[in-house]
Amino acid sequence: MSQKAIREHTGKRLLTEWFSKKYEGKYEFGNMALVSPSTDLKSLPNSHGFLKTEKLVAKPDQLIKRRGKLGLVKLKATWEDAKKWIEERRGKELKVGSVKDTLDFFLVETFVPHKQEEEYYVCIQSVRGGEKILFYHEGGVDIGDVDSKAEFLTVEIGKELTSEIITKGLLAKVPNARQPPLADFICRLFEFYQDNHFAYLEINPVVMIQKESGFLIAPLDMAAKLDETARFECYKKWGDIDFPAPFGRTSCPEESYIESLDAKTGASLKLTILNRKGRVWTMVAGGGASVIYADTVCDLGAAPELANYGEYSGAPTMSLTYKYAKTILSLMCDEIHPKGKVLIIGGGIANFTNVADTFKGIIAAMQEYATQMIEGDIKVFVRRGGPNFQEGLENMRQFGTQYRVPIKVFGPEDHMTNIVALALGKDIVQVGKTLPRPNSAADLLQRGRSSSLAPPEAKTAAPIERKKCVPGKSPPKLNPWDLFTAETRCFIYGMQPTAVQNMLDFDFVSGRAFPSVACLVYPFSGNHSRKFYWNTKEVLIPVFASLEQALKKFPDISVVVNFASSRSAFESTIEILKHSKQIKTHAIIAEGVPEQKTKLLIKKAKDLGVTIIGPATVGGIKPGCFRIGNTGGALDNIIASKLYRPGSVAYVARSGGLSNELNNIISQHTDGVYEGIPIGGDRFPGTTFMDHLLRYEANPDIKMMVLLGEVGGVEEYEVCRALESKKITKPLVALCTGTCASAFSYEVQFGHAGACAQGESETASAKNTALKKAGAVVPNSFNEMGLCIRVTYRKLVKRMNPGGRGSCLTYLLPGIFPPPEGVVIEKIEPAPPQMPVDYKWARKLGLIRKPSAFMSSISDERGQELVYGGMKLSEVFEKDLGIGGVLGLLWFRRKLPKYFTKFIEMVLMVTADHGPAVSGAHNTIVAARAGKDLVSSLCSGLLTIGPRFGGALDDAARKFSWAFDTGLLPEEFVTTMRKKKELIPGIGHKVKSLENPDIRVEIIKKFAHEEFKTTPLLDYALRVQAVTTRKKTNLILNVDGCIAVCFVDLLRNCGAFTRDEADMHVENGTLNGLFVLGRSIGFIGHFIDQKRLKQGLYRHPHEDIWIVPFDQDIQ
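Source: prediction; values computed, not measured.

Trainee: What is the right way to read helix H7 (residues 179-195) from this model?
Mentor: Three or four residues apart is the spacing at which side chains of an α-helix point the same way, because the helix has 3.6 residues per turn. Along its 17 residues, H7 runs 24 Å from first to last C-alpha, staying within 8% of the 24 Å computed at 1.5 Å per residue. Of all 17 residues making up H7, 12 are buried, and the element is well covered by its neighbours. Within the sequence span of H7, burial applies to Gln179, Leu182, Ala183, Asp184, Phe185, Ile186, Cys187, Arg188, Leu189, Phe190, Phe192 and Tyr193. Downstream of H7 by a residue or two, His197 has a phi angle that is positive, lying close to 55°.

As structure tokens, then:
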């Protein structure tokens, strides 16, 4: 969402800070203090001294309108009066109209004495063409309908606002002496408004008081909204911003939690609790679809029972959908409703979201709450379409069967909102028969994609004829009403390989002669090429680091599909607009581009004759010609919705997700889509409904049009005027969604940034009424959208009966309506070419199988959280397993006893380092001093580990185990090794001896004897030491040997391993892994130490090297 209301205190804080920095000493604003629920009123004057010395104003600061008329303003009060007034109301419930809420935030500020005639009204609000300033020469609570009587002027984007313009346009009724300072203030206020990305700023009144030194200007009451999408560039100016919930709706912890998840992802997660005790709960995919589901619940009379509004979209991960679903289920199961509850898991046909993946998260949450769902008589209703929807729906059915949760599941063959009627026990709107959908995506793809879906005559029709042409040296010529042709080519801004492949698949199935994507532009890499598929053929598409290189190489490009993020979409579009002579159409996919920047793009594009689709759009589609990005969804939906060839119906919509639903509806009830453009969900999209409807009106191939608008904005009124003036003469089916807003007692911001009414004229109901009055066909609800489209289309159809085989229309609409007359001549459905399936997708659908290239059994990152050896990472921390416990899970795939994990940690500590002189540390130091990086230096030291340095653990374990297991006495073992002329690994030390024992060995022995169940191999090794030290006292059991025999004792006797498993770990070199892991700690320490000491390149001194004479015999 974009425009968010702020507290008056926040607005005045920003105003004071900005004016004091920008115009220091020129303007003086009064002092103020915010009283929150945690504020101690007794101590507040200690931090705000003005409370004791000035007359005060006190009022609630909770987005309440008309506080003065409601008696909610205390004027000219002392601090004691103001404190008492606040205490009398603090924590108390207040009813304003039909809304109730608790008063817990108050603003206390300096009282400004003034006369009535010194009050003025000023308001700045964001409009499509720029910013609109309203001014009235009177202000205060009795101003009345200011919209109808205020002077106003619109400051166009890019135009400078001066005091002269303000004086001439707004201040005619203000005394001449007051005009200059007042105009100057409004000019500065406008600058403040723009600099801080306000979307709405109203001051009523602003007072202008005559003083000896001039005029004092003070804003008394303020209401404001910020463009929340500008937070990333205004966070320093804004500081810690609080966006309060509307009066009447207290923000709950669950909403805050979902908001925090939303802030951490590129996907969208929204949740508003409307009625915690309600029995109708929704979990809807898509911003546009979420509004329609809420509308339908209200249309069917269940508004009082609607518990929540929310949506998830933008391909959230399984983990996110799990957390989102778990939050909703926890609310649903909080208390039992006597009539039971229903959960509506709905959505349109997704464009790019893998439905099965998102459903996995929802199913995982429902599995946790299955018992409570049954106890609470919760019934689930599911409807979804999109990539891999068949698997997702089947998983939902299996969940219901396995857990005995009542669940009904539907796909895109059923109308999107039918499940709402089912859930509420209402009649379902049925409009004839719908074309059958495949049981699975695999079924569809295996059967040639279209044969099972097309009318009888299509089964024998010729396939689509592939066009024969090559890319030109300049963009293809367009009709005035066209944005794309079958020869249009584009470049993709950003690295989006999936979108590119989707576009190429669409191109091929549509019969295009060559790919619509000429290249990609990705500034973060050098020039290279990426491999894609053109049907079964592999093709290379170049990737350029600069835009200029791409356009020079491909002069025929005329469209850009811009996948830049919301933070960089503006800058990248400005750069591309410099090439407006070539690039005539921009599709900006990013959601969350600040309004001011979007409006600047609109202005620049209009001046340059460039069309912008978006921002916040999925793109658009012209069947048989051109597809923007992921529009239209998976290939099976392209086929099922007949988007591979043009129909006669064109649509324009706000929502990208709902555009796919319109594709589905139109394909079921007409001969198909000619063109469809979702203009985007932001308040000010790059192009308007009228921009596209006028193109459709001029296009002779388009016979009827569909418009799907929504609450918020006034663009639909342009359409009304065009209908009334006959600029639009073709049949138009139009509907604005969001009628449910009138059922809520407070303002609800829906999923799209623009979906919020700022006045009665912007409500969905008002716009629907106006459209119907102007001559559009307006359904009573989205439920009737298909019916209205069908009836309107039928009136245009001219039947034909080629070859005496009956018409396509007869097949689709058997005997429902009388024979029509009109202008549409339906054609025999062509057979689209068969398309191969990508390997990854085919495997996901179960079409193929292939042996895995790798096997892994120790960890898994695919689920909701990382798993080590079968244990969730959160559980690892909850049980405080430590490093030893994690090593047990990852090395041995099991939870080890506490003393075992403690021993592992001891080994890591005692082997961490042995000084800088040992060979491994020495090599690490030499590499570090040679300027090598950490990894290279570490590897240099690790590669030294072997038979002569640090590699004795495995050999010691093997030799001592062999001797012990074969029953050799210690003396026999020593004698046997001597006869083999082999040293006993793990015995001997250069420095340590019986007289000077190695403290590391002593620590390990002590721990083993005290904590291990039994130590047979350690005891045997100590008896061997007794034999070897008779010869030399330094032939002791060293640290390697001690660790080795103790570890074998652990493996064999702790109860966690079988004997075979214990021997396997010894043979696999597991023990040396302990030394490698431990010593890595020291090697890294030496690297860091050398860098800290700034040691230069090491060169070994000559005097320490004996050069053997070349005539010396060294054999």
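After that view of the structure, there is still more to cover.
Trainee: What is the right way to look at the packing of aromatic side chains in this model?
Mentor: Overall, the coordinates contain 34 aromatic pairs when judged by the stated rule. Arranged with centres 5.4 Å apart and planes meeting at 90°, the rings of Phe508 and Trp534 form a pair that is edge-to-face. One end of the pair, Phe508, is in helix H17 (residues 497-509); the other, Trp534, is in strand S22 (residues 528-534), with 26 residues separating them in the sequence. Residue classification places Phe508 among the buried residues on the basis of a relative accessible area of 10%. On the basis of relative accessibility, which here comes to 12%, the residue Trp534 falls in the buried class. Counting every residue linked through ring pairs, the aromatic cluster contains Trp18, Phe19, Tyr23, Phe29, Phe185, Phe190, Phe192, Tyr193 and Phe198. The aromatic ring of Phe152 is capped on one face by Lys132, whose charged end is 4.6 Å from the ring centroid.

Trainee: I'm lost on the layout of surface pockets in this one. Help?
Mentor: As a volume, the second largest pocket reaches approximately 1,500 Å³. Every residue lining the second largest pocket is counted, 38 residues in all, and those nearest its centre are Leu983, Ile987, Gly988, His989 and Asn1038. For the lining of the second largest pocket, the secondary structure elements donating two or more residues are helix H34 (952-965), helix H35 (970-979), helix H37 (1016-1028), helix H38 (1039-1053) and helix H40 (1070-1093). Of the residues forming the lining of the second largest pocket, the biggest block, five residues, is contributed by H35. Of the residues belonging to the lining of the second largest pocket, the class tally is 15 nonpolar, 11 polar and 12 charged.

Trainee: Before we go on, may I ask you to explain the packing of helix H19 (residues 569-577) against helix H20 (residues 595-608) in this structure?
Mentor: Each packed pair of helices is defined by two parameters, the angle between the axes and the distance between the axes. One way to put it is that H19 packs onto H20 with a least axis distance of 11 Å and a crossing angle of 10°. It follows that H19 is roughly parallel to H20 by the angle criterion. Counting all contacts with H19, which are made through Phe570, Glu571, Thr573, Ile574 and Leu577, the residues of H20 involved are Lys597, Leu600, Leu601, Lys604, Ala605 and Leu608. When its residues are assigned to classes, the contact of H19 with H20 shows seven nonpolar, one polar and three charged.

Trainee: Is there a simple way to think about a nonpolar patch on the surface in this case?
Mentor: On the surface, a nonpolar cluster with roughly 230 Å² of combined accessible area is contributed by Leu934, Val935 and Ile1088. In this structure Leu934 comes out as partly exposed when scored by relative accessible area, which is 32%.

Trainee: I'm lost on the pattern of salt bridges in this one. Help?
Mentor: Pairing between side chains becomes possible if they bear opposite charge and their charged atoms approach one another. All told, the structure shown has 51 salt bridges when counted by the stated rule. Here Arg7 and Asp242 are joined by a salt bridge, their closest N and O atoms 2.8 Å apart. You can see Arg7 sitting in the loop between strand S1 (3-6) and helix H1 (8-22) and its partner Asp242 sitting in the loop between helix H8 (231-238) and helix H9 (253-263), a full 235 residues away along the chain. Its relative accessible area of 7% is what places Arg7 among the buried residues. A residue is classified by how much of its surface remains accessible, and Asp242, at 34% relative accessible area, is partly exposed. When the shortest N-O distance is used, the salt bridge between Lys12 and Glu8 registers 2.8 Å. One end of the pair is Lys12 and the other is Glu8, both in helix H1 and four residues apart, which spans about a single turn. Across the pair, Glu8 and Lys12 agree in class, each one buried.

Trainee: I'm lost on a positive patch on the surface in this one. Help?
Mentor: On the surface, Arg978, Lys979, Lys1031 and Lys1032 cluster together to form a positively charged patch. Structurally, the position occupied by Lys1032 is in the loop between H37 and H38.

Trainee: Help me understand the sheet that holds strand S17 (residues 341-345) in this model?
Mentor: Strands pair in a sheet through their backbones, by hydrogen bonds, and they do so in one of two ways: parallel or antiparallel. Pairing is parallel in the open sheet, where four strands are placed in the order S15-S17-S18-S19. The sheet terminates laterally at strand S15 (280-282) and strand S19 (407-410), the two strands that pair on one side only. Neighbour-to-neighbour, the strand axes of this sheet turn through a mean angle of 15°, independent of strand direction. Sitting on the sheet, helix H11 (residues 318-332) is in contact with S15, S17 and strand S18 (378-383), with an inclination near 165° to S17.

Trainee: Whenever I open this one, the packing of H38 against helix H39 (residues 1059-1067) confuses me. Can you help?
Mentor: Relative to each other, H38 and H39 sit at 150°, their axes nearing to 8 Å. Between H38 and H39, the interaxial angle falls into the category roughly antiparallel. By crossing handedness, the relation of H38 to H39 is classed as right-handed. Residue-level inspection shows Val1048, Leu1051 and Arg1052 of H38 in contact with H39, the latter providing Arg1059, Ala1062, Asp1063, His1065 and Val1066.

Thresholds applied
- Along each chain, residue indices are assigned from 1 in the same order as the chain's sequence is written.
- Residue-level local features of this predicted model are given only where pLDDT is at least 70; pairs of side-chain atoms are given and counted only at 80 or more, and the full residue set underlies all totals for whole chains, interfaces and linings.
- No hydrogens and no water enter the side-chain calculation; it runs on all heavy atoms of the structure.
- Where helices and strands are cited, they refer to DSSP runs of H or I of at least four residues and of E of at least two residues respectively, numbered from the N terminus.
- By this rule, a helix spans an expected 1.5 Å times one less than how many residues it contains.
- Only protein chains enter the calculation, and the probe is 1.4 Å; a residue is then buried if its accessible area is under 20% of its type maximum, exposed if over 50%, and partly exposed in between.
- Pairing of aromatic side chains here covers Phe, Tyr and the six-membered ring of Trp, requires ring centres within 6.5 Å, and sorts the geometry by plane angle: under 30 degrees stacked, over 60 edge-to-face, intermediate tilted.
- Criterion for a charge above a ring: Lys NZ or Arg CZ within 6 Å of the ring centre, and within 35 degrees of the ring normal.
- Residues are called lining when one of their atoms sits within 4 Å of a cavity or pocket point, these points coming from a 1 Å grid over the protein atoms alone, where a cavity is a set in which a 1.4 Å probe fits but cannot get out and a pocket is an open set with protein on both sides within 12 Å along at least five of seven lines.
- Grid points are joined across faces, edges and corners, and a volume is the space filled by probe spheres set on the points.
- Here the term charged refers only to Asp, Glu, Lys and Arg, the term nonpolar to Ala, Val, Leu, Ile, Met, Phe, Trp, Tyr, Cys and Pro, and the term polar to all other amino acids, Gly among them.
- Axis definition: a line fit to C-alpha positions, over the contact stretch in the case of helices; interaxial angles, taken between N-to-C directions, run 0 to 180 degrees.
- The cut-offs work like this: below 35 degrees is roughly parallel, past 145 is roughly antiparallel, 65 to 115 is roughly perpendicular, and the gaps in between are oblique.
- For this analysis, residues touch if any pair of their heavy atoms sits within 4.5 Å.
- Note that patches include only residues with greater than 30% relative accessible area and no salt bridge, and the join distances are 9 Å for like charges and 5 Å for nonpolar side chains (Val, Leu, Ile, Met, Phe, Trp, Tyr).
- Note on areas: these come from Shrake-Rupley sampling with a 1.4 Å probe, and a residue is covered only by the protein chains present in the view.
- Salt bridges, as used here, are contacts in which a Lys or Arg side-chain nitrogen is within 4 Å of a carboxyl oxygen on Asp or Glu.
- By the counting rule applied here, Lys and Arg register as positive and Asp and Glu as negative, while His and the ends of each chain are not counted.
- For the purpose of locating charges, the reference atoms are NZ of Lys, CZ of Arg, CG of Asp and CD of Glu.
- Two strands pair if DSSP finds at least two bridges between them.
- Two helices crossing with the near one rotated counterclockwise from the far one by less than a right angle form a left-handed crossing, whereas a clockwise rotation gives a right-handed crossing.

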